[in-house]
Amino acid sequence: MNIKHFFKLALLPLIINQAFAAQTQTTTDTSIITTQESPSLVSRFMNDDNPFRINFDLGDHPSYFQVYGLVDIGLSHINHSLPENYELANNFYPYAGAKKTSRVTSRTNWVNGGWQGSRLGFKGEVAKLQAWDHDFKFIYQFEAGFNTLDMKLHDAAQTLADNSGTNANSSVSTNSSMNGELFTRQALAGVDGGSLGKLTYGTQYNPFFEITVTYDPNGKADSFSPLGESGTVGGGGGVSENSRMKNSLKYANVYETEDHDKINYAIINQFGNSAGTAHGNGYTTQLGYESSAFGIQLAYDRFFDSVKSNSAAPGNPLANDTIAVSLYNTQAVLLTGRWMPTKDLKLIGGMEWYQLQPSSSPSISYHNIYDQTVFGGVATSALKPGFKQDNYVYYLGANFDFAQRVPALAGLTTSIGYYLTKADAIEGPTVSTNSQGKIDTWTAMVDYKINKRFDTYLAYTTNHFSGDKYPSATNYTNVTSYGAGLRMKF
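Residues numbered from 1 in each chain as written. Predicted model: local features only at pLDDT ≥ 70, side-chain atom pairs only at ≥ 80, totals over all residues. Heavy atoms only, no water.

(A) Seen up close, the overall build of the chain. From N to C terminus, the chain includes six helices and 22 strands. In terms of overall size, the chain behaves like a compact globule, its C-alpha atoms giving a radius of gyration of 23 Å where 490 residues would be expected to give roughly 23 Å. Judged by the C-alpha coordinates and their principal axes, the chain covers about 80 × 65 × 45 Å. Out of the 490 residues in the chain, the part that is buried amounts to 50%. Contacts in the chain between residues far apart in sequence, at least 24 positions, make up 67% of those at least 6 positions apart. Accessible surface, the chain as shown: approximately 22,400 Å² in total, 58% of it carbon and sulfur. Each charge class in the chain was averaged separately, 36 positive and 42 negative side chains, and the resulting centres sit 5 Å apart. (Helix = DSSP H or I, 4+ residues; strand = E, 2+ residues; numbered from the N terminus. Rg over C-alpha atoms; globule rule 2.2 N^0.38 Å. Buried < 20%, exposed > 50% of the residue type's maximum accessible area, 1.4 Å probe, protein only. Contact = heavy atoms within 4.5 Å. Areas by Shrake-Rupley, 256 points an atom, 1.4 Å probe, with all protein chains shown as cover. Lys, Arg positive; Asp, Glu negative; His and termini not counted. Charge placed at Lys NZ, Arg CZ, Asp CG, Glu CD.)

(B) Main features of the environment of I267. Among the structural elements, I267 can be located in strand β9 (residues 262-270). Along the backbone, I267 and S326 are 59 residues apart, and their C-alpha atoms lie at a distance of 26 Å. Once residues within four sequence positions are removed from consideration, I267 is found in contact with L249, K250, Y251, T284 and T285.

(C) Spotlight on the nonpolar core. Formed by 34 residues in total, the largest nonpolar core has its most connected members in V233, L383 and Y395. Broken down by secondary-structure element, the contributors of at least two residues to this core are α4 (207-214), β12 (322-342), β13 (345-357) and β18 (389-401). Of all hydrophobic cores here, the second largest spans 13 residues; its members include L160, V307, I323 and L327. (Core = buried A, V, L, I, M, F, W, Y, C linked by side-chain atoms within 4.5 Å.)

(D) Broad picture of the side chain of S359. Along the chain, the position of S359 falls in the loop between β13 and β14 (363-365). Side-chain polar atoms of S359 contact the backbone oxygen of S361, separated by 2.6 Å. With near-sequence residues (within four places) excluded, S359 lies in contact with D305, L327, Y328, N329 and S381. (Polar contact = N/O pair within 3.5 Å; in protein donor to acceptor, adjacent residues only side chain to side chain.)

(E) Summary view of α4. Within α4 the residues assigned to the buried category are P207, F208, F209, I211 and T212. The backbone nitrogen of F208 lies 3.0 Å from a side-chain oxygen of the residue at the head of α4, namely N206.

(F) Just the environment of M445, in detail. Relative to the helices and strands, M445 resides in strand β20 (residues 437-449). As a C-alpha pair, M445 and G219 span 226 residues in sequence and 9.1 Å in three-dimensional space. Not counting chain neighbours up to four residues away, the residues in contact with M445 comprise W115, N218, A221, T413, T414, S415, Y457, L458 and A459.

(G) Region of interest: the packing of aromatic side chains. Counted according to the given criterion, the structure contains 19 aromatic pairs. Taking the centre distance of 6.4 Å and the plane angle of 45° together, the rings of Y251 and Y265 count as tilted. In this pair, Y251 sits in strand β8 (residues 244-256) while Y265 sits in strand β9, placing the two residues 14 residues apart along the sequence. For Y265, a relative accessible area of 33% puts it in the partly exposed group. A cation sits over an aromatic face here: K123 above Y68, 5.3 Å from the ring centre. (Phe/Tyr/Trp six-rings, centres within 6.5 Å; stacked < 30°, edge-to-face > 60°. Lys NZ or Arg CZ within 6 Å of the ring centre and 35° of its normal.)

Structure, rendered in structure tokens:
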């Protein structure tokens with residue numbers, strides 16, 4: 001395959017749009033004759049904001065139930081990579097780098113989650129539940145992540161098991177907060193008290209994750225932005241598994257000023273070390289301000305005995321089909337901002353600091369986790385007492401909306417961003433210089449929104465690795481990827 005295939009894929013939605021436009025025109029022409037007919041299924045799907053929402057009354061309580069989802073399929077090329085793995089939310093990881101092994105080569109293939117991982121979910125509410133002279137709503141949301149190409153649930157832990165023992169470096173693998181559970185993306189229920197705020201319980205996004213969704217110049221693209229590719233820097237405050245907080249209780253509220261500016265704040269606590277629900281306990285707090293032209297968000301994150309999974313014992317046949325588990329204490333700070341000097345230009349930037357520390361418990365027995373056998377049956381602290389490692393992420397970029405200046409290009413937007421990831425040496429009684437490294441990342445995207453349901457995109461990212469953590473003798477210095485995709489939301 002060559003670059004012309006990517007442009008053909010990017011143009012495919014234009015053809016689809018013309019077909020839907022023709023169908024809509026036919027429906028309009030027919031309605032002139034029979035104005036009493038209801039909109040066709042295709043017309044409703046293409047034009048309704050929530051085509052699969054049902055409003056109903058549960059007794060005297062207004063309620064709704066809605067099915068929603070997203071499907072993202074792309075064609076991607078990467079210059080250095082192991083074979084893709086379709087149990088991951090995104091199948092190539094240019095930001096993770098590549099070691100010089102016989103199985104690493106340039107690859108071009110279909111991928112899931114070029115921009116966003118595909119998902120299917122349902123949500124709803126039961127309204128006007130009155131107490132203490134206030135109206136409350138019961139709310140719930142359950143969301144599953146799956147790979148459109150093989151219809152399997154996202155299961156990062158399985159990719160780690162596939163690469164353990166004598167199967168080391170057989171395919172792309174990584175740790176994640178999505179490990180084969182049905183509603184691994186979200187599973188929550190709670191109460192919305194309006195001006196009193198929301199109180200929810202279950203599997204919920206870490207506020208770090210929610211902030212970076214909005215405050216990433218390139219839209220937290222799963223395959224083309226460090227904040228989308230890596231839960232470690234894009235939501236977990238140092239450990240990817242903490243991007244989603246299981247067995248967690250969250251309170252969030254928004255205060256609107258007289259000028260319609262908004263002040264938001266939230267706190268979430270994960271109750272940890274409970275087999276099958278959460279591994280490690282911690283909390284995150286968030287405070288932010290949003291106006292039409294300006295926004296800023298600040299969050300602090302603290303975790304204890306956080307579980308980080310990995311492939312086990314390379315080369316040891318006894319480790320086949322198992323995973324390794326290590327423990328960390330972490331703390332992190334995230335500060336982001338955006339500014340719109342004009343209606344068509346948005347400037348976005350941020351910085352994140354996180355520190356990896358020895359776990360509070362030297363070891364914890366984990367015979368099984370994520371339905372995988374833990375090699376050795378125990379998780380131990382990844383750092384010895386007295387050691388720590390500081391990590392930094394800085395980024396800056398811009399979005400431009402062509403519609404404001406060229407109405408004929410309505411729906412066309414572009415973005416560019418630069419990201420610097422820096423890992424300091426592990427410090428303690430001694431200094432580990434081989435843990436020090438840097439990644440310089442440039443990413444650019446072009447997106448064309450065809451209608452409410454479909455958009456298409458082109459994307460490019462290049463990652464430059466340097467420092468003792470990425471020695472050029474064993475690691476490729478530059479890993480570059482580009483691709484095109486089609487995304488459908490409903």
